Amino acid sequence: MTSPEDRGPEEQAGREPGQGPEDKPFHFTDKRKVDPETGRPREGADAGSAGGPAGESTESDPLAGLDFEPSDEAEVDAAVLAAKAEAAEHLDALQRERASFTNYRNRSLRDQEAARTKGIEDVLTALLPVLDDIDRARQHGELTGPFAAISDKLDGSLEKFGIERYGAVGDEFDPTVHEALMHQPDPEAAATTVNLVIEPGYRIGDRVVRAARVSVVGPQ
């Protein structure tokens, strides 16, 4: 057996005789965090490794632990455009629904107002004979005492519902609101005016329920 003293310098350095320092076997360690065959992160890959120069630590890749490949820019843009298109469709549908509801609400309000006015008009039409009798009694001075108070209360109730009595002597004749039952010529008259109210007119707002029946005087 050869003693250490009898070995040459090459044998003492762990090399075969005739093998120089440059022929020493090279060994490397695979420090890649992702397995190139499976594509999955290796165990312990999230731990920091001294891969930088002068002992600087290299930060781990935030995507190294993910089990999918990041989508390319084209796929991301397509997904964003699809989401925007869907949002625009929902917004358009919501706006159409809101406009439809607004129209329905306005139409309902108009229908309610028209129904209310029609109801008041029907009641007024039914009361016209009574109102005409009260007016004739007033013109002849027969409406006195408690009956006068009742008449005033009735007139106040009609005003609350927007009912207006019109027609008075001296008013200028208007064929849209007056019905002339008699006409008396007057060469000196400059315009046709009412000289006698036979039956007063009634209207609700701008709607004439019954035109005032009058006698007029005016030019030939």
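Our subject is the structure listed above.
Just so we're clear, the structure is a prediction, and the values are computed from it rather than from any experiment.

Quick notes on the rules
Residues numbered from 1 in each chain as written. Predicted model: local features only at pLDDT ≥ 70, side-chain atom pairs only at ≥ 80, totals over all residues. Heavy atoms only, no water. Helix = DSSP H or I, 4+ residues; strand = E, 2+ residues; numbered from the N terminus. Buried < 20%, exposed > 50% of the residue type's maximum accessible area, 1.4 Å probe, protein only. Contact = heavy atoms within 4.5 Å. Core = buried A, V, L, I, M, F, W, Y, C linked by side-chain atoms within 4.5 Å. Pairing = 2+ DSSP bridges. Axes fitted to C-alpha atoms, helices over the stretch in contact; angles between N-to-C directions. Expected span 1.5 Å × (residues − 1). Phe/Tyr/Trp six-rings, centres within 6.5 Å; stacked < 30°, edge-to-face > 60°. Lys NZ or Arg CZ within 6 Å of the ring centre and 35° of its normal.

Undergrad: Explanation requested: the side chain of His178 in the structure shown.
TA: For His178, the location among the structural elements is in strand β2 (residues 178-185). Given a relative accessible area of 8%, His178 falls into the buried group. In this structure His178 touches Glu172, Phe173, Val194, Ala211, Ala212 and Val214, once residues within four positions along its chain are discounted.

Undergrad: I keep staring at the nonpolar core and nothing clicks. Help me out?
TA: Taken as a class, soluble globular proteins show a tendency for nonpolar side chains to be buried jointly. If you look at the biggest cluster of nonpolar residues, it comprises eight residues: Ile120, Leu124, Leu128, Leu131, Leu158, Ile163, Tyr202 and Ile204. Of all the secondary structure elements, the ones that give two or more residues to this core are α2 (73-139) and β4 (201-204). Tallying contributions element by element places α2 first for this core, with four residues. Look past the residues within four positions of Leu128 in its chain and what remains in contact with it is Tyr202 and Arg210. By size, the runner-up hydrophobic cluster in this structure holds seven residues, among which are Val177, Val194, Ala212 and Val214.

Undergrad: Looking at this structure, how should I read the sheet that holds β4?
TA: Working definition: the strands of a sheet are paired by backbone hydrogen bonds and lie parallel or antiparallel to each other. One open sheet holds the three strands; their spatial order is β1-β4-β5, and the pairing between them is antiparallel. The sheet is open, and its two edges are formed by β1 (163-166) and β5 (207-210), each paired on a single side. Put simply, the sheet's adjacent strands are angled 35° from each other on average, direction ignored. By the bridge criterion, four bridges tie β1 to β4 in an arrangement that is antiparallel. Bridge pairing links Arg165 to Tyr202 in β4. The sheet contacts of α2 involve β1, β4 and β5, and relative to β4 the element is tilted by about 165°.

Undergrad: Would you mind showing me how to read α2 here?
TA: Turn by turn, an α-helix covers 3.6 residues, leaving residues three or four places apart pointing in a common direction. The terminal C-alpha atoms of α2 lie 94 Å apart, and with 67 residues this matches the ideal 99 Å at 1.5 Å per residue to within 8%. For α2, the complete set of buried residues consists of Ile120, Glu121, Leu124, Leu128, Leu131, Asp132, Ile134, Asp135 and Ala137. Against the buried residues of α2 lie α3 (146-160), β1, β3 (193-199), β4 and β5. Gly141 occupies a position one or two residues after α2 and carries a positive phi of about 75°.

Undergrad: I keep staring at the packing of aromatic side chains and nothing clicks. Help me out?
TA: Per the counting criterion, the structure on display carries zero aromatic pairs. Directly above the ring of Tyr166 sits Arg203, whose terminal nitrogen or CZ lies 4.3 Å from the centroid.

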